[in-house]
Structure formats: structure tokens, C-alpha cells
Amino acid sequence: MNKVVITLVLLCFVLAGYSQAPTLKNTSPVTDSTEYLNPKQYVIGGVNVNGIVYLDKSVLVTLSELTVGQNITVPSDATANAVKKLWAQGLFDDVELSIANIKSDTIFFDLNLTERPRVGRINITGLNKSETTDIKEKLNNQKGKIVNENLNITINTIIKKHFVDKGYLNTAVDINISNDTSDVNSRIVAINVNKNKKVKVSKINIEGNTIFSDAKLKKYLKKTKEKAFYKVFGSGKFNREKYEEDKTSMVAKMRAKGYREAEILSDSVYKFEKNTVKIDLKIHEGPIYYFGNINFAGNAKYSTSVLKQILRIEKGEVFSEEKLEKRLRSSPNSDDVSSLYLNDGYLTFNVEPIQTRIYKDTIDLEIRIAEGPQYTINKIIIKGNELTNDKVILREIRTKPGQKFSKEALIRSQRQIVQLGNFDEQKMDMKPIPNPADGTVDIQYTVVEKPSDQVELSGGFGGGRIVGTLGLTFNNFSAKNIFNAKSYKPLPKGDGQKLSIRGQTNGKFYQSYSFSFSEPWFGGKKPVYFGISAFTSLQSNGRPNGDADQQKIRLNGVTFSLGKQLKFPDDYFRVDYAANLQQYKLRNYSGFLFTNGDSYDLSLSQVLSRNSVDAPIFPTSGSNLKFTVQATPPYSFLNGKNYDNLSTSQRYQFSEYHKWKFESQFFQKIYGKLILKAQAQFGFLGFYNRQVGQAPFGRFKLGGDGMQGFDFLQGSEVIAMRGYANNAVVSEGVPTNSGKPIFTKYMLELRYPISLSQSATVFVLGFAEGGNTWNKFSSFNPFNVRRSAGVGARIFLPIFGLLGLDYGHGFDPIPGQQDGGKQSFTFSIAQQMGGFN
């Protein structure tokens, strides 16, 4: 009878636990000696946890509330509750509490637990490679998680949100979980994703508008457009996040027109047909408002009249909070009230417009100003420069200790650091750290080093043969550490110098080798640029020296440069001077004004430039202007020779000329990330003496990729023009090896970035170009140009430089040339960033 009663009591405990945890297999088995009808009180002597691999045993004991040393009645609710609380965590497939031992009035428990399996691997199907990579990154933190229903919900939510944000509103996710044979406690999560088609907007219905037309309001929804057959580049696709942004933007645009009460009363997005939705918007426009009286309060540094001149808002103008905000603190040109104070040390300056009176359709404002104290710069902190020396960054910074804080100087410092080309401009950070106790501010510049050295390794086709090129450019070189073995990484780095070595050959028919070194802070104290470069090249028919049929041209040259930054008209200007010496040795080589002999070109050049672009790789604003004058001595006026009696080789023994060039680039943000680049170039090679005429070298060749390669390293300047073959663009006659003395070129280019990451900068572009070359000024006409248009792409890889591929169509065939001088595809490699080609 006693055994029956004990069995019934035990059954009651099991059922009690089962009612709280349906999958509980065991509760608290005890020995037959336990008197269930006579509960006894014990002291807990210990709790041993078995079966745990991943979890903290001490935490589990705490959760069970079976504390060593506490009194417990067995059997009682306390033992049943211990099982329930552990089961409620959702971490176990089996929870069992048993009595391990009883010594006098001390009891010892065993907690026997079976952990639920965890995610070992995640396999994804149904997506392309890049999409699979993106989803795996988002799901990476799910590995090791408990396999339960919550896991399924989380994975489903993450994947659907990812694709819904991209316009795939009907994404389906199927999850299948299987055993992992390599680990008994792991599971393989197989996920099959079906994005289905992107959902498009079939129709946008707008209600309640009387002032703003439907077309105007739909125009304000810039990223949410109705589908149409002519919208072939993605317009009409619905994106919930962009739709929410568009609603905010539409209301802001209406309020900017003076309708300050404008709002969206209600909106709904509902399924219309397969893969389409309709949008209903109910609008309240309200009346139009105007600016009334505007007063300033709290201003001590600047008078009200000065602040009103900067605000530039008159009584009676249409009221616009957007305009007011721009004039107070967010003007893109920094000509707002806040910039006035922030550029004068008032780091904690604040301004708040208060609407003091609204009467009829007029709003009076009081602009309340809290100037705060003027802050002086205390110290500059540089972080993140693992390779570049502090001095290289500090010498570019315009915020100096002891100066008043200036927002303008801070922004300019950022530009100067980015222009070094050694850091990721997307990750650079500037942080003012005020010290209110003494009225000073520390400024912390955080940079992230990026690979800046470049390798040019390419093969091409020139002169009927394969041409190999190897070039190495080290953009953060340190000459002073050449003999310091510890500084090699793999070469000495950190001083901002540039070293470049390049070789190009196809064997005995063509060789070209060049070297250059530059130091942007010659002497280390002032921004004085010093550079030296040298080159030698040889092109021939492969015949040995002494062979009467040998044809060759050899060029040797060296250039020394000095330059400095100017302070007037502003510090974006700089001037550079160069001394150039080049030697040309021709042997039976046609295409120039003479075929045999040596010619020397000794010239001086001056370049006045102004560069205010905001980034070297993908500029979004600013301009780059350059005016160059280069000239040789007028030998014919100094040597007293009669050039009519000289042979051609004697006439051109010392090349004489004066060369003038103007180049300009402008960058402007059009909309969003879309950038417009406008460019114009002009070049003219003049002569001193009509008896001598034009110099045989230093002319211009227009057309093609603009690369100084196998066929064009012959004393000419090569200017790119897509849609036409190399050196094909001429106004009359046929192209020659020496080129033409006059050229002009114009270009418009729309650019859109695909990636601006540290590892690669990628952008696509569309272009329209026009250009031409002439033999003399009498036939020069800047509007008589060969035209072309096309599309292209650029990718900047830190190790290879800027790579480009373009497809261009030339609209104006050039008479006398094969295919009218046209060339559809143009490839460029390792071209200079921000150059004029």
C-alpha cells in the first residue's frame, strides 16, 4: 500500500512538471526510502550539473535557485520549480533533477541536462555569389545559436528585410535543419531564398492638393516613381525605406514654398496586381505664409545689421524653414551665420529661430543666439597613422596650436590630408575636444592608412610586336631611411616622398626606361616642392649600329623641378618651375622635319595652377586650373647664322620654341551622387624666327587613350580623345609622328560612383568630347572640332592605379584615314589621378 501511495505522489509531481513543460521527460526521481507522505527538511549540500558543454554551470545552479546551505523540504514545490525554471530558458531538450546522496540532514542533487543543438553551418541557395556573400555576413552572428523556433524567425526576418529594402517585397525563405554528422550537438541550417521579381509602383493617387499639381508632387517623390515602358533603368521599383524618405522630402519641399502647415494626413501602400503596388496619399496643403519682422537676440560679437546681411532674408519673402536653416547653419558654401562664429573661435555657438508671432499669413521671428566663449587650439592629436610619420600630416594641417578654432581651417585640413593620397577619405575623422575649464580645444585627427604604392604590369601591342611594361611607384617613400634596415616595409616609408621606376620593351626594337623622385617639403620647413626625373628610350628597326639600313630614334632627358604654394590670391594657388634638357638622336628615321642628326632641347617652364578639388580619386566639388609657359632660348637671334643656308639637321640642332597651354577642370554635384565634370584644354607651340619655323618636337597629338606608350614617346604631348584612334584627330592633312602645333579640346562627363571603399574606387561615366588640331593660327577655329560621345568605367585599385575602359563613337569621320580615324574601345592603365587626359 505504501509503495502505491509513493508511486501516486511521484506521478503527481511528474504531471505537475509536464503541465508547465510539455516536452519534459523526467522530473525528480528519488529512492524508495524517501517518505513522500512525510516530507522532510534538509540542508542543500551541493548541486552537481551534468551534460553541459556550452553553458556556465554556476549560472544554471543560480537559475534553479537551489543554493548550497539553504533549507529545503523534499518533496516540495521548490524541487518542481527548479525544473520548471530551467526548462523555461528554452535551452534544453531534457531537464532531470535527482537526489545524488543524503547524509544525515544534508542532501545532494544532480541536475542532468541535455542541451539543445546549436547552429554549426549555414548553407544558402537560390542567390548569386555576391548576394550569398551579403546574406552570410548578415547571418554570421547566428552561428552557435540555439536551434529553435526563434532562430527560424530571426533568419527569416533578416533575409526578408535585406531584400525588401532592395524592392523584393515578395521574397520567400525556406529553412531546413538537418543533423551535422561531424558534431552530434550541431545542426546544418539550409536556407533556400527565392527573391521573386522586384515590386513596382503601378499608380500613385494623390488627394487633397489644390495648389500643387499631381505632377509636381510626384516629382518630389524622387525615389518612388510610377512604372512606365520607357523607364528602362530601374525607375518604378518600390523601396519602403526610400518611400518613407520621399514622404518626408515631399512635405519639406511643400513647406519650403511657404506652406508651413503642409502634411500627409494618411497614406497606404497595397497590392494591386502581381509584383505591383498602388500608393494612396492624402495631402493637406494649408495656406501660404511669409516672413515678417526678424530680430536677433543674444548677439554681442556681431551687430544685428551684420547678421542680417549674412541671413539675406527680407520681410515679405515666402516663408521657408529650409531657406532659414541654410542661412543660419547649413549653407554648402559656409556663408551662414553659424560659420561666421565657428570660424572665429566660437566652438559652442548655437542659434535657434523662434516664431514669436503669427498673424494672418505673416510670421515674425526672433533669432536667439548663444555665442559662448572663444576657444583657442591647445594641441593636435594624430591617430591611426601606422606608416606615415606625424610630421607629414602635421605640416598639412591648418589648425595650429595657439590659433582660434576655425571650422573653415578644420575642413581645409581634411582636404589637405586626403590629397596626400595615403589615407582612406571615407574613414577619416576629425573631432574637436573642448576643455571648457581653460577655454581651449584639442583637435583629434583619426586616419586609416590605405595601400598607396602602385604596380604597373601590362602587356600591349605596338609596332607590330608585343610590348611589356613594368612600373613601380612608391607614394609614401622615405629617402633618409634608405640605410635603415628596420624601416623597409618593403621599402622605407613614411615621409610622403614619391619614387617611380618604369621600364617598357619589346626586345631589341624598342626600350624605354624612366625614373623620378619628388619631395613635397624640400628642406622640411616649408611646402617647397623638389623633383628630379630622367628617361631614355630607343626605337629602331632592329638593325645593329653601323648597318646602313639601320633606322632608329633615341631620346634622353632629365628634368629638375622646384615649386611652392602661394598665399595670394589664396592658398590654393601654387607655382612650379622646371629646367628641362632633352636629346634627340635620329638615324634614317622619317616622320620628322629631319631624318639624320642630333637635336637638343633646353627649356625652362613655369606653371601657375590652382587646385581646389576635394578628393584626388573621385572629386565631387572644386576646380583644377593650370597655365603653363615653356620656352627655349632664341638661338637663331643669338648665333648670327643664316638659316636659309643650313641643312635641316643643322637648323634643328638646337630646338627653339615657346609653348603655351591652358587647362581647366570643374567638378559639381548635380543630384545625389551624380557628378558633372567639365574640362577645357588649349595648347599652342610657337616659333621665334620664320627662317627656322616650327620646332620638330614638343607638338601635340590628339586622339585615343592619351597614354605615352610605344608609338608616342617621341617628343610629343599626347592628349586623349575617346571615339578616335591614337593621333587620328586632325583638321586637315594626315597625322605625322611629330604632331601638330595647335590643339583644343572640350569635354563634359557625368560620373556616378559604384564603390568608394578603401580597397577599390569604382565609378561609371558618360561623356561628350570635342577637339581638333591645326598647323597654323590662320586656320584655327575653336568651334571646328571633331565630336564624340560614349560611356565608360573607371576602377582605382591602390596597387595598380586608375584603370579605364571606354566605348566612344566619333561623329565626324576624318578624311583619308582608315575607318575615318574612328576607334570604339579605349583602354587606359595607371593614368595620373586628376590629370587632364
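In this text the structure is predicted, and so the values were computed from the model without any measurement.

Just give me the short version of helix H8 (residues 304-311), but keep the residues and values in it.
Within H8 the residues assigned to the buried category are Leu307, Ile310 and Leu311. With its buried residues spanning 100° around the axis, H8 presents them on a single face. Tucked inside the fold, the buried residues of H8 contact strand E11 (290-297), helix H9 (321-328), helix H10 (337-342) and strand E13 (362-370). Immediately beyond the C-terminal end of H8, within one or two residues, lies arginine 312, with a positive phi of roughly 55°.

So, the packing of helix H2 (residues 57-64) against helix H3 (residues 77-87): which residues are in play, and what are the values?
Two elements in contact, H2 and H3, have axes whose closest approach is 8 Å; the angle formed by their N-to-C orientations is 125°. Between H2 and H3, the interaxial angle falls into the category oblique. Contacts from Leu60, Leu63 and Ser64 of H2 reach H3 at Ala82, Lys85 and Leu86. Looking at side-chain class alone, the contact of H2 with H3 contains four nonpolar, one polar and one charged residues.

Please provide a residue-by-residue account of the nonpolar core, values included.
Judged by nonpolar contacts, the single largest core of 22 residues is most densely connected at Ile72, Ile107, Phe109 and Leu113. At the level of secondary structure, the elements contributing two or more residues to this core comprise strand E1 (40-50), H2, strand E2 (71-74), H3, strand E3 (92-103) and strand E4 (106-115). For leucine 113, the contacting residues outside a window of four places in its chain are Val49, Asn50, Gly51, Ile52, Leu60, Leu86, Phe92, Asp94 and Val95. Among the nonpolar cores identified, the runner-up in size contains 21 residues, and Ile310, Leu311, Phe319 and Ile369 belong to it.

Quick one: what's the story with the sheet that holds E11, residue by residue and with numbers?
Read from one edge of the open sheet, three strands run E11-E13-E12, paired in mixed fashion. Each having just a single partner strand, E11 and strand E12 (350-359) make up the two edges of the open sheet. Taking the axes of each pair of neighbouring strands and ignoring which way they run, one obtains an average angle of 25° across the sheet. Inspection of the sheet shows E12 paired to E13 by nine bridges, in the antiparallel sense. Within E13, the residue paired with isoleucine 358 across the bridge is isoleucine 363. The sheet contacts of H8 involve E11 and E13, and relative to E11 the element is tilted by about 140°. Set on the sheet, H9 makes contact with E11, E12 and E13; between it and E12 the angle comes to about 150°.

An account of a positive patch on the surface is requested, with residue identities and associated values reported.
Together, Lys216, Lys219, Lys222, Lys253, Lys257 and Lys326 line one region of the surface with positive charge. Counting through the fold element by element, lysine 219 comes out in helix H6 (residues 214-220).

Let's hear about the environment of serine 213: which residues, and what values?
Locating serine 213 in the fold gives a position in the loop between strand E8 (200-207) and H6. When the C-alpha positions of serine 213 and phenylalanine 474 are compared, they lie 59 Å apart, and in sequence the two are 261 residues distant. Within polar-contact distance, the side chain of serine 213 engages the backbone nitrogen of lysine 216 at 3.1 Å.

Give me the lowdown on the packing of aromatic side chains, citing residues and values where you can.
Per the counting criterion, the structure on display carries 23 aromatic pairs. Ring geometry for phenylalanine 291 against phenylalanine 319: centres 4.8 Å apart, planes inclined by 50°, an arrangement best described as tilted. Placement of the pair is phenylalanine 291 in strand E11 and phenylalanine 319 in the loop between H8 and H9, with a sequence separation of 28 residues. On the accessibility criterion, phenylalanine 291 (1% relative accessible area) is buried. By relative accessible area, phenylalanine 319 is classed as buried at 1%. Geometrically, the ring pair formed by tyrosine 341 and tyrosine 346 is edge-to-face, given 5.5 Å between the ring centres and 80° between the ring planes. Residue classification places tyrosine 341 among the buried residues on the basis of a relative accessible area of 0%. Through pairs of rings, three or more aromatic residues link up here, namely Phe682, Phe684, Trp774, Phe777 and Phe780.

Thresholds applied
Residues numbered from 1 in each chain as written. Predicted model: local features only at pLDDT ≥ 70, side-chain atom pairs only at ≥ 80, totals over all residues. Heavy atoms only, no water. Buried < 20%, exposed > 50% of the residue type's maximum accessible area, 1.4 Å probe, protein only. Helix = DSSP H or I, 4+ residues; strand = E, 2+ residues; numbered from the N terminus. Arc of directions from axis to C-beta. Contact = heavy atoms within 4.5 Å. Axes fitted to C-alpha atoms, helices over the stretch in contact; angles between N-to-C directions. Parallel < 35°, antiparallel > 145°, perpendicular 65-115°, else oblique. Nonpolar A, V, L, I, M, F, W, Y, C, P; charged D, E, K, R; others polar. Core = buried A, V, L, I, M, F, W, Y, C linked by side-chain atoms within 4.5 Å. Pairing = 2+ DSSP bridges. Patch = residues over 30% accessible without salt bridge, like charges linked within 9 Å, V, L, I, M, F, W, Y side chains within 5 Å. Areas by Shrake-Rupley, 256 points an atom, 1.4 Å probe, with all protein chains shown as cover. Salt bridge = Lys/Arg side-chain N within 4 Å of Asp/Glu carboxyl O. Lys, Arg positive; Asp, Glu negative; His and termini not counted. Charge placed at Lys NZ, Arg CZ, Asp CG, Glu CD. Polar contact = N/O pair within 3.5 Å; in protein donor to acceptor, adjacent residues only side chain to side chain. Phe/Tyr/Trp six-rings, centres within 6.5 Å; stacked < 30°, edge-to-face > 60°.

Read these as geometric descriptors, not functional statements.
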